Amino acid sequence: MVSNKLQAWYLLMQNEFDVNVQEKKNSRFMKLVAFLLGIVRRFIPNVCSPKEFMEDFTTTIYGTVYVSFDPGALDDADSEEEIIHMVHEFTHVEQFRREFLMPLKYVFSSYWRMRYEVEAYCRSIEYLSRSKAEDVDYVGTMNGNLESLKSNYGVGDENMRIAKKLMQASLLRIRNGSEPKSLLVTKALEFWACVNRK
């Protein structure tokens with residue numbers, strides 16, 4: 001028996017897209033990554049701390065999304081926001097599956113990290129656009145995503161200029177309906193409509 005909307009969403013994603021959602025603190029692999037970040041941080045101080053990594057960031061690796069909270073403990077009031085967050089993360093799963101070298105490009109290239117994140121942010125914006133188009137602050141959402149990209153992902157000024165152009169072009173296509181509709185977003189919208197029927 002599924003106790004809330006988010007658990008139902010995670011179950012749907014597991015069944016439809018073979019994606020698992022797991023709490024970081026219950027993963028030995030994530031604990032190892034945090035330990036290694038502690039070592040790397042001695043040489044590269046601007047890398048996030050192990051504590052920040054475990055408590056503040058969602059990490060997606062191949063078919064698993066590692067979250068910093070108990071996936072079953074969120075209240076239904078948080079459901080749509082978390083579904084939008086997971087659309088972003090599940091986009092990374094698709095990227096891993098599409099490109100074998102994606103993890104190396106993501107870690108070692110600021111340019112590629114920016115490209116992958118812009119794609120995922122735009123997928124979340126597509127969800128917003130298709131669910132409540134008239135209420136979306138596209139410019140504010142884009143600027144918030146760009147700020148997050150700059151402050152959390154180590155993307156320099158030149159790549160930030162490229163990110164802004166890519167995001168503006170994608171937003172224009174989303175708003176005028178020429179952006180190809182994502183199956184993932186379609187499933188998320190169908191799910192949200194289904195669980196909210198009276």
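In the block above lies the structure referred to throughout.
Parameters and conventions
- Residues numbered from 1 in each chain as written.
- Predicted model: local features only at pLDDT ≥ 70, side-chain atom pairs only at ≥ 80, totals over all residues.
- Heavy atoms only, no water.
- Helix = DSSP H or I, 4+ residues; strand = E, 2+ residues; numbered from the N terminus.
- Rg over C-alpha atoms; globule rule 2.2 N^0.38 Å.
- Buried < 20%, exposed > 50% of the residue type's maximum accessible area, 1.4 Å probe, protein only.
- Contact = heavy atoms within 4.5 Å.
- Areas by Shrake-Rupley, 256 points an atom, 1.4 Å probe, with all protein chains shown as cover.
- Lys, Arg positive; Asp, Glu negative; His and termini not counted.
- Charge placed at Lys NZ, Arg CZ, Asp CG, Glu CD.
- Expected span 1.5 Å × (residues − 1).
- Phe/Tyr/Trp six-rings, centres within 6.5 Å; stacked < 30°, edge-to-face > 60°.
- Lys NZ or Arg CZ within 6 Å of the ring centre and 35° of its normal.
- Axes fitted to C-alpha atoms, helices over the stretch in contact; angles between N-to-C directions.
- Parallel < 35°, antiparallel > 145°, perpendicular 65-115°, else oblique.
- Left-handed = near helix turned anticlockwise from the far one by under 90°.
- Nonpolar A, V, L, I, M, F, W, Y, C, P; charged D, E, K, R; others polar.
- Salt bridge = Lys/Arg side-chain N within 4 Å of Asp/Glu carboxyl O.

(A) Representation of the overall build of the protein chain in the model. A count of helices and strands for the protein chain gives nine helices and three strands. Rg of the C-alpha trace for the protein chain: 17 Å, near the compact-globule value of 16 Å for 198 residues, within the 12% margin. If you line up the protein chain on its principal axes, its C-alpha atoms span 55 × 45 × 30 Å. By residue count, 42% of the 198 residues in the protein chain fall in the buried class. Sequence separation of 24 or more characterises 70% of the internal contacts of the protein chain that already satisfy a separation of 6 or more. Here the protein chain displays about 11200 Å² of accessible surface, and carbon together with sulfur accounts for 55% of that area. Here the protein chain carries 26 positive and 27 negative side-chain charges, and the mean point of each set is 5 Å from the other.

(B) Region of interest: helix α4 (residues 79-98). Its 20 residues place the ends of α4 28 Å apart at the C-alpha level, agreeing with the 28 Å of an ideal helix rising 1.5 Å per residue. The element α4 is largely enclosed, with a buried count of 15 among its 20 residues.

(C) Representation of the packing of aromatic side chains within the structure. Enumeration over the complete set of coordinates arrives at seven aromatic pairs. Between Y62 and F96, the ring centres sit 4.7 Å apart and the planes meet at 45°, which makes this aromatic pair tilted. A residue pair is termed long-range when its members are at least 10 positions apart, and Y62 in the loop between β2 (59-61) and β3 (64-67) and F96 in helix α4 qualify at 34 residues. A relative accessible area of 8% means that F96 is categorised as buried. Relative to Y116, the ring of W112 has its centre 5.8 Å away and its plane inclined at 35°; by these criteria the two rings are tilted. Of this pair, W112 and Y116 both sit in helix α6 (residues 110-132), four residues apart, roughly one helical turn. For Y116, a relative accessible area of 1% corresponds to the buried category. Members of the aromatic cluster, joined through ring pairs, are Y106, Y111, W112 and Y116. When the ring centre of F53 is taken as reference, the NZ or CZ atom of K24 above it lies at 3.5 Å. A cation over an aromatic ring shows up here: K105 above the ring of W112, its NZ or CZ 3.8 Å from the ring centre.

(D) Looking closely at the packing of helix α7 (residues 138-152) against helix α8 (residues 157-176). Between α7 and α8, the least distance of the axes is 11 Å, while the angle of their chain directions is 150°. Put simply, α7 runs roughly antiparallel to α8. Every pair of crossing elements has a handedness; the one defined by α7 and α8 is right-handed. Together, Y138, M142, N145, L146, L149 and K150 of α7 and D157, M160, A163, K164, M167, Q168, L171 and R175 of α8 make up the contact between the two elements.

(E) Local environment of the packing of α6 against α7. The N-to-C vectors of α6 and α7 enclose an angle of 150°; their axes lie 11 Å apart at closest approach. Overall, the two elements α6 and α7 adopt an arrangement that is roughly antiparallel. Our pair here, α6 against α7, has a crossing hand that is right-handed. From α6, M114, E117, V118, Y121, I125, L128 and S129 reach across to α7, where they touch Y138, T141, N145, S148 and L149. Looking at the contact of α6 with α7 residue by residue, the classes come out as seven nonpolar, four polar and one charged.

(F) Representation of the pattern of salt bridges within the structure. The final tally for this structure, using the stated rule, is ten salt bridges. With a closest N to O distance of 2.9 Å, E119 and R98 form a salt bridge. Here E119, found in helix α6, pairs with R98, found in helix α4; they are 21 residues apart in sequence, far enough to count as distant. The class for E119 is partly exposed, based on a relative accessible area of 22%.

(G) View of the side chain of N159. Relative to the elements of secondary structure, N159 occurs in helix α8. Using a relative accessible area of 14% as the deciding quantity, one classes N159 as buried. What N159 contacts, discounting residues up to four positions off in sequence, is S110, Y111 and M114.

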